[in-house]
Amino acid sequence: MKGIIRFSNNLMERYLPDPFLFVIILTLVVFGLGLGLTDSSPVEMVAFWGEGFWALLAFSMQMVLVLVTGFVLASSPIFKKGLGKLASFAKSPGSAIIWVTLVSLAASWINWGFGLVIGALFAKELAKRVAHVDYRLLIASAYSGFLIWHAGFSGSIPLSIATEGHPFADQIGIIPTSQTIFASYNLIIVAALIVILPLLNRLMMPKKEETVVVDPKVLVEPEVEEETAKAVRTPAEHLENSWILSLVIGGLGIAFIVYYFVQNGFALTLDLVNFMFLFLGILFHGTPRKYLIAVQEAVKGAGGIIVQFPFYAGIMGMMTASGLAAVMSEAFVSISTVQTFPLFAFLSAGLVNFFVPSGGGQWAVQAPIMLEAAKMLGSDPAKVAMAVAWGDAWTNMIQPFWALPALAIAGLKAKDIMGFCLIVLFVSGVVIGLGLLLL
């Protein structure tokens, strides 16, 4: 096992480019595949790319806020104390790896945005407190919990097909979450991964001489110094250091959160997670000045998201408008039977996810083909939808797109963790594939 991990890490460190270069290479690959596998002309491919380039602007801003508000909340004294208390249960490097995996799995099943941030923040806190733990593996373990998000409460595909008036309602009707998220086969796959992933991550711990540790002092966020009393203070300075303002606006935010849960139940959305992080951060930092200083520190890590997400939107534009995603999906459908179709739907979704790393966007592309094939083969459309959902989540393990917020929080590069994530990809692929095939 140690040899396999060493090989995987060396492979990723040597050949995996920076995420920005990765998305540029993906852009050129998709452009070439579009020319070779569809009837699109070079001019059309350029048009598809440029017209889709800004399609993820709203989502990009959401992801920047996931990073910034999560980082700011974690740097508040109350939250740091809470994470520290939770981290105190880990007494050794091995227990730290298991603990962060379990916390990330639980948080990601509740909500994917919540899981991405909490996992990375908790990993940082563990790195401060547990000596001799490999920091790369700690962050990789936190990210591995993201694997089950699409099988949980925030899964975009199962929630979409459970909503009245969804785009494919005429084909499959309304499919309740009892047949998708809470179906026995899905719960068994989730349970298997909850058992296997922590143990797998624990087994991947490198030898002592190969362990990469981080100085805990590097991970400590800068403290905001208290304002010294002044004989004369301007009205603006009084406002900047007023805990009353933070309390009032923070209380208003909490009031809306309570109202939302009363009206909608425990239905977390990405916007609500950001809303919660933002206003809890304002309350926990005490004054507007302290909060804004924490924000200034947090935004330093958002550059990768801001620059790279438009390129992924351009890739999605080429994949969908050229019909390339449909070509890939149909290739898997053509070799499927009624028994193997969920497995091949999973594998095709995993492939398409490299180029369309958005659950909702991918479903819009693949659903017409997959649902029509399910009807022709006599496969259960609910299970086919979940197979696509699992495929979308599966290859996130080696797709830097979703790792960017966690990497920014951790201060690492993609190649630092992807060697471990590659092993998670292979093992989880076997578990999920067998579950979809046999259950």
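Residues numbered from 1 in each chain as written. Predicted model: local features only at pLDDT ≥ 70, side-chain atom pairs only at ≥ 80, totals over all residues. Heavy atoms only, no water.

By the naming in an unreviewed UniProt entry, the protein chain is Short-chain fatty acid transporter, taken from Planococcus chinensis.

Some details on the confidence of the model for the protein chain
Here the protein chain shows a mean pLDDT of 91. Residues at 70 or above account for 97%. Least confident of the elements in the protein chain is helix α12 (residues 216-219), whose mean pLDDT is 76; most confident is helix α11 (residues 184-203), at 98. (pLDDT = per-residue confidence, 0-100. Helix = DSSP H or I, 4+ residues; strand = E, 2+ residues; numbered from the N terminus.)

Considerations on the environment of F309
By the secondary structure assignment, F309 is in helix α17 (residues 303-322). For F309, a relative accessible area of 0% puts it in the buried group. Remark: the alpha-carbon pair of F309 and L57, spanning 252 residues in sequence, is separated by 8.0 Å. Among all residues touching F309, those that are not within four sequence positions of it are L56, F59, S60, M63, G304, F401 and L404. (Buried < 20%, exposed > 50% of the residue type's maximum accessible area, 1.4 Å probe, protein only. Contact = heavy atoms within 4.5 Å.)

What about the pattern of salt bridges?
For the structure shown, the criterion picks out 6 salt bridges. Note that E13 and R136 form a salt bridge whose closest N and O atoms lie 3.5 Å from each other. With E13 in helix α1 (residues 2-15) and R136 in helix α8 (residues 135-144), this residue pair connects regions lying 123 residues apart in the sequence. Judged by relative accessible area, which is 34%, E13 ranks as partly exposed. With a relative accessible area of 9%, R136 lands in the buried category. For the salt bridge of E125 with R129, the shortest nitrogen-to-oxygen distance reads 3.0 Å. Of this pair, E125 and R129 are both found in helix α7 (residues 112-129), 4 residues apart, which corresponds to roughly one turn of the helix. Taken together, the shared-partner salt bridges in this structure form one network comprising E13, D134 and R136. (Salt bridge = Lys/Arg side-chain N within 4 Å of Asp/Glu carboxyl O.)

Overview of helix α19 (residues 341-353)
Its 13 residues give α19 an end-to-end C-alpha distance of 18 Å, which sits within 8% of 18 Å, the value for a rise of 1.5 Å per residue. Within α19, 11 of the 13 residues are buried, which leaves it mostly tucked inside the rest of the structure. Taken together, the buried residues of α19 touch α18 (324-333), α20 (359-377), α21 (381-394) and α23 (414-438). (Expected span 1.5 Å × (residues − 1).)

Quick notes on the side chain of Q366
Mapped onto the fold, Q366 is located in helix α20. Engagement of the side chain of Q366 in a polar contact is seen with the side chain of S329, the distance being 3.0 Å. Of the polar contacts made by the side chain of Q366, one reaches the side chain of S348; its length is 3.3 Å. Q366 has contacts with S329, S348, A349, V352 and V388, leaving out every residue within four places of it along the chain. (Polar contact = N/O pair within 3.5 Å; in protein donor to acceptor, adjacent residues only side chain to side chain.)

Points about the packing of helix α22 (residues 400-410) against α23
Their axes nearest at 11 Å, the elements α22 and α23 cross at an angle of 120 degrees. Between α22 and α23, the interaxial angle falls into the category oblique. α22 and α23 meet at a crossing whose hand is right-handed. On the side of α22, the interface is formed by P400, A403 and L407, while α23 contributes A414, I417 and M418. For the contact of α22 with α23, the residue count by class is 6 nonpolar, no polar and no charged. (Axes fitted to C-alpha atoms, helices over the stretch in contact; angles between N-to-C directions. Parallel < 35°, antiparallel > 145°, perpendicular 65-115°, else oblique. Left-handed = near helix turned anticlockwise from the far one by under 90°. Nonpolar A, V, L, I, M, F, W, Y, C, P; charged D, E, K, R; others polar.)

Side note on the environment of A123
The topology assignment puts A123 in helix α7. Sequence spacing of A123 and F146 is 23 residues, and the spatial spacing of their C-alpha atoms is 14 Å. Residues contacting A123, with those up to four places away along its chain left out, are V100, L138, I139 and A142.

Quick look at the packing of aromatic side chains
This structure, assessed with the given rule, holds 29 aromatic pairs. Ring centres of F401 and W402 lie 4.8 Å apart, and the angle between their planes is 80 degrees; this geometry places the pair in the edge-to-face category. Exposure remark for F401: the relative accessible area of 1% places this residue in the buried category. Put simply, the rings of F59, W112, Y143, F146, W149, F309, Y312, F401 and W402 touch in pairs and so form one group of aromatic residues. (Phe/Tyr/Trp six-rings, centres within 6.5 Å; stacked < 30°, edge-to-face > 60°.)

Examining the side chain of H150
Take H150: it is sitting in the loop between α8 and α9 (156-161). There is a polar contact of 3.2 Å between the side chain of H150 and the side chain of S156. In this structure H150 touches G155, S156, I157, P158, G359, M386, A389, D392 and A393, once residues within four positions along its chain are discounted.

With respect to the packing of helix α6 (residues 93-110) against α11
Interhelical geometry of α6 versus α11 gives an angle of 155 degrees and a closest axis separation of 8 Å. Of the possible angle classes, the one that applies to α6 and α11 is roughly antiparallel. For α6 against α11, the interelement crossing comes out right-handed. Contacts between α6 and α11 involve G94, I97, I98, T101, L102, L105 and W109 on the former and, on the latter, L187, V190, L193, I194, L197, P198, N201 and R202. Residues that form the contact of α6 with α11 fall into these classes: 11 nonpolar, 3 polar and 1 charged.

Let's talk about unusual backbone geometry
The phi dihedral of H132 falls on the positive side, at around 65 degrees, and the residue is not glycine. The class of H132 is exposed, set by a relative accessible area of 61%.

Overview of the environment of V29
Locating V29 in the fold gives a position in helix α2 (residues 19-37). A sequence separation of 108 residues divides V29 from L137, and the C-alpha atoms of the two residues are 30 Å apart.

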